Structure formats: C-alpha cells, structure tokens
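Summary of the model geometry
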Amino acid sequence: MKAKKVVPFILILQIIAMQAIQAQTNCRASEANATYIKKHISSQNEYHDFNYQTKKIQGKGGSESYQIPVVFHVYGTSFNGKTVDDELIHKALNDLNKDFHGMNDDFFSIDSRFSNITGTMDITFRLARIDPNGNATTGIIYHAEKNGYGHGSDSDTQISADAWDNYRYMNVYIQNDLYGNNETNNTGVAWYPFTHMSDNNLARVVYNGAFLATNTDTEQASILTHEFGHWLNLIHTFEGGCDGTDEVDDTPNENGLHDLNCSSGTNCNGEYVNTENYMGYNGSSGCYKMFTEGQVDRMFAALQHPARVTLWQTQNLIDTGLIISEAENVAPVVTIDTSMDNFSFEEGETFELKTTVTDANGSDDIQKVEYYVDGNLLDILRFLPFENEFPNLETGQHIIRVMAYDYGGLSNTMEITITVIPRINYPEIKWISSNISFAENSIQFATGEATRRLEIKAITDTHDIIVKGPDFEKQYTTIIDETITIDNIAKGTWTVEIPSLNKKITKTLN
Ligand SMILES: [Zn+2]
C-alpha cells in the first residue's frame, strides 16, 4: 500500500520539474526591449512612432518576395554537450524558412479556430556569401567560447566588434550561456528594429546552440522562428497579460501563465488562446505552427523600418552574394539515383523519388525544384529535402523530369523513365476456423481447432498450388473463384506452395 501511494507523488514532482525547465527556457525579449527603450529615449520615441506607422502600413504587404542576408557567429564548441556546425545551421535556417512560408509539416493541422487567420510570408533568410570585405564566406563565423551577448549593455563593445554591418547583414549570435550567469537552458532573445542599435552594430538575435535544429526537438527548435519574429518587430502574444497588447488585432490576449501548453483553453475574456502561435510560449511544448495575418502584416511593415529596409534591397543582395552576377552564376546540378532509371513497379504502389540538388555557388542557392510527370508540372519544392512521391501513376511508361532553378534564374534538368506494370493478383489462401490468422505477403491463413479446415481460394487468376501436410500431398490447379477445401486436416506442419509466384507458406497446426 505504501509503495502505491508514492507513485502519484513522484508523478507530481516530475510534472513540476518539467514546468520549471520549460519556464527557464523562455525568451527574455520583452524585458530586454523594455530595458533598451528605457535607456535610449530616442529609441523609445522611434518605437512608438513606428507602431503608429505600422498600423498605416498594415495590409499592404504580402505580395513581394524578400531575401535577407544572414551571418551566424558561433561561440565555443559545446552547447550542453551538443555541437554546432555548418550542416546544423543550414538545417536550422531551412526549417525556419519553412515556418515563415507556412511549409512546416504541421501547418495543415492548425486548430480550426485559427486556420482562417494564418499568415505566411515569402521571406527567405539566407547565409551571406560575400563578407563585408568583399571576400567569399560561408556566412558562418566560428569564435572562441564567449557568453553573455543576451545582455542589454554589458557586452556591447564586444558585440559591436564582432558584428557585420547591421544595415547589410542580419547578425545571429550562437552562445550557450546567453546572460553570462551560468544558466545554459535559456533559448534565445532578440531586439525589435531600432536605428540606434543598427547604428551601433548591436541589432541581433542571440540564440542557444543547444536548441538549434536537431540539437533539440522540432518544436523547441522553432523558438528560433520566434526570435526572428521579434527581430521583425513581433511582440509576445501575452505581452501585458489580459490587459496588454502585442499591437496586432487578430491575436487573442493571453494571461501570460503559459499553462495551456498544447491543449485548447480560453483567456480571461473567454476567447480561445492561439496556443499554436510562434510568438507565445505554449507552442514550444509541442505545437508551434503559425503566425496570424496580423502578425505577418506587422512583419512586412518592419521590413520598411530604417533598421531593416536596406537589408533586402537588390544592390545589397548582390553585394552580400545572395544574387550572383550573370557572368559568374553557375546553374544548379540535379542528380537522381540512376538505379531509378528504367525502374518498374506495380500499379497502386507509390513511387518515391530522392534527388540531390546542389549549386557550385553555394548549397543554398536553390530557389525551387519542379517535378514533372510526362511534361505536366506535379509539384514545386522550395526547401530541403528535395524528395517527392508520385502516387497513382497509370500503367505504362512515364517520364519523370526534375528541374532546379537558382536565385539567378539559371536552371538545370534531369529525366528518368519509369514503368508501371499491371497489378499482380495473388490467390487468397485461408486456413479456416476460429480466430487465429496471420498474413505473409499477399497470402493469408486462418486456423483453429473447430473444423480443422484448409481453404484455398483463387481470386482472379489461375495458378498451380501444391499442398503438403502429415501424410498428405496434392497438387491443385485452381481457376477463378474456385475454392479448394480440405477438411479435418491432421495436426502437424502444413505448407502451401505456389511455384509460379515463388510463394511458400508453412504453418504448424498444434
Ligand atoms: Zn520571445
């Protein structure tokens, strides 16, 4: 009895511990920005003026496509025991871009209360390929371990010294201990657009490498999307609690307790909380899925802010290497597994195609990959992985073409031929009675003690069937819809063999 009473107590302790860890991993953007504008009166005025401007700009975005050159500064080699390398950062940016485009895997499972106000944005954050000195770069700079760049002012001199020109590059700093206080479980912090920050090369997202891409789970990794949202002037959806505002009309208020996690629940006004919103905290527990239309309008407006507007101008995209001059540009290379060429499979099976698309100018210079079947456009993919499925292809030969485009407009293509053959109809074999059954390939047995009957039924085709058992061996030629029945079969091992289909099943009747 005593032991049984202990169990719920341990469970409660575990739940409290989980909540405590989650609370500590939350971002401190609200506090950091409040501290900042308190200190810089010009920024405070700019912030309020721009909020006013934003409401006038709202609704005017949405049609344009944006690119932002990004530089990642990585400090140290261990992030709670995890590493951060080029590949991980490529994946993190790829996933983040999918979130902004509404191409995240869980986008189509958004709560129906909010699916009609989801907002997506054609913005792609890409690693810079030319550094401030005009040299080639991967857009990822590795530094010795340093911490504390999440602080408002303590590290300003160092941050500024490491920064690349804020009017040309978005700067992301990857550290482990964001506030230099020996806490390594804070996820990230970011600042809204401020001219004063960009003037002093202090504009930034600071993020914990332990929560990047596959260093954590998918939902926690989307906290990077949350921080980029702040960088585009988004405020927490729970700012100020029930009486506060995030300056966006379509996001319901939240009480700021973040205790709903991914369950549905109402706020203090009785409205449902948008727990799946990237700018709340609830979603990090497993359901970060969406921005709202209002938030996207606010981000489009932020792109017009003096501290952001220079970044996406065509000349800057050329200067940072995101757009390559025609003379230097190289077309992407499309590779399809050649074993897939002349591949044939049965009607009704799904053909999966894996392609590799690379670009000599840099792995991320792929704008889109188009998939054609017999000349008809089937699908367009914009982000890794470049894999596609071709379900329900008709019998016969098909030409699959994959065409990849880079941002400079160059394209390359590769084709393969596949053949869909008619479906093979296997005979159905049943070992009748009782409720024990098993399936092996397309052939089924059911067996039991009651009648000990073996039943073999050819559904649509004719095959020779050899049946063997204890003191029993017989060859049958079944025709369509004819059933072979053997009653009172002896206990022991039985085999049913269809040589023409290379099928053999063995079962023991005990
Ligand atoms: Zn935040």
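All figures in this text were calculated on a predicted structure; none of them were measured in a lab. (Residues numbered from 1 in each chain as written. Predicted model: local features only at pLDDT ≥ 70, side-chain atom pairs only at ≥ 80, totals over all residues.)

Observations regarding the overall build of the protein chain
Regarding its fold elements, the protein chain presents ten helices and 25 strands. Counting the 510 residues in the protein chain, one finds 37% classified as buried. Partitioning the contacts of the protein chain with sequence separation of at least 6, the portion at a separation of at least 24 is 66%. (Helix = DSSP H or I, 4+ residues; strand = E, 2+ residues; numbered from the N terminus. Buried ≥ 20, exposed ≤ 12 C-beta atoms within 10 Å, placed from the backbone. Contact = placed C-beta atoms within 7 Å.)

So, the nonpolar core
Judged by nonpolar contacts, the single largest core of 72 residues is most densely connected at V70, A92, I174 and L212. Not counting residues within four places of it along the chain, the set of residues in contact with V70 comprises F125, R126, L127, A128, G139, Y169, M170 and V172. V357, Y371, V402 and Y405 belong to the second largest nonpolar core, which has nine residues in total. (Core = buried A, V, L, I, M, F, W, Y, C linked by C-beta atoms within 7 Å.)

Some points on the pairing of strand β7 (residues 205-208)
Neither face of β7 is open: one carries V205 and Y207, the other V206 and N208, and all of them are buried. Summarising the sheet, strand β5 (residues 170-175) and β7 pair through four bridges and their orientation is parallel. Bridging from a neighbouring strand, I174 pairs with Y207 of β7. Across three bridges, strand β6 (residues 188-190) lies against β7 in antiparallel orientation. Bridging from a neighbouring strand, A190 pairs with V205 of β7. (Pairing = 2+ DSSP bridges.)

A look at the sheet that holds strand β11 (residues 351-358)
Read from one edge of the open sheet, three strands run β9-β11-β14, paired in antiparallel fashion. What marks the edges here is a single partner per strand, and that holds for β9 (333-336) and β14 (387-390). Each adjacent strand pair in this sheet contributes to an overall mean axis angle of 30 degrees, direction not counted. (Axes fitted to C-alpha atoms, helices over the stretch in contact; angles between N-to-C directions.)

So, the environment of N215
Structurally, the position occupied by N215 is in the loop between β7 and α7 (218-221). Accessibility expressed as a C-beta count within 10 Å gives 20 for N215, which makes it buried.

Some remarks on the sheet that holds strand β21 (residues 464-469)
Across the sheet, four strands lie side by side as β22-β21-β24-β25; this open sheet has antiparallel pairing. The open sheet terminates on both sides in strands that have one partner only, identified here as β22 (472-477) and β25 (503-509). When the angles between neighbouring strand axes are averaged without regard to direction, this sheet yields 15 degrees. Across seven bridges, strand β24 (residues 492-498) lies against β25 in antiparallel orientation. Along β25, the bridge assignment pairs V496 with I505.

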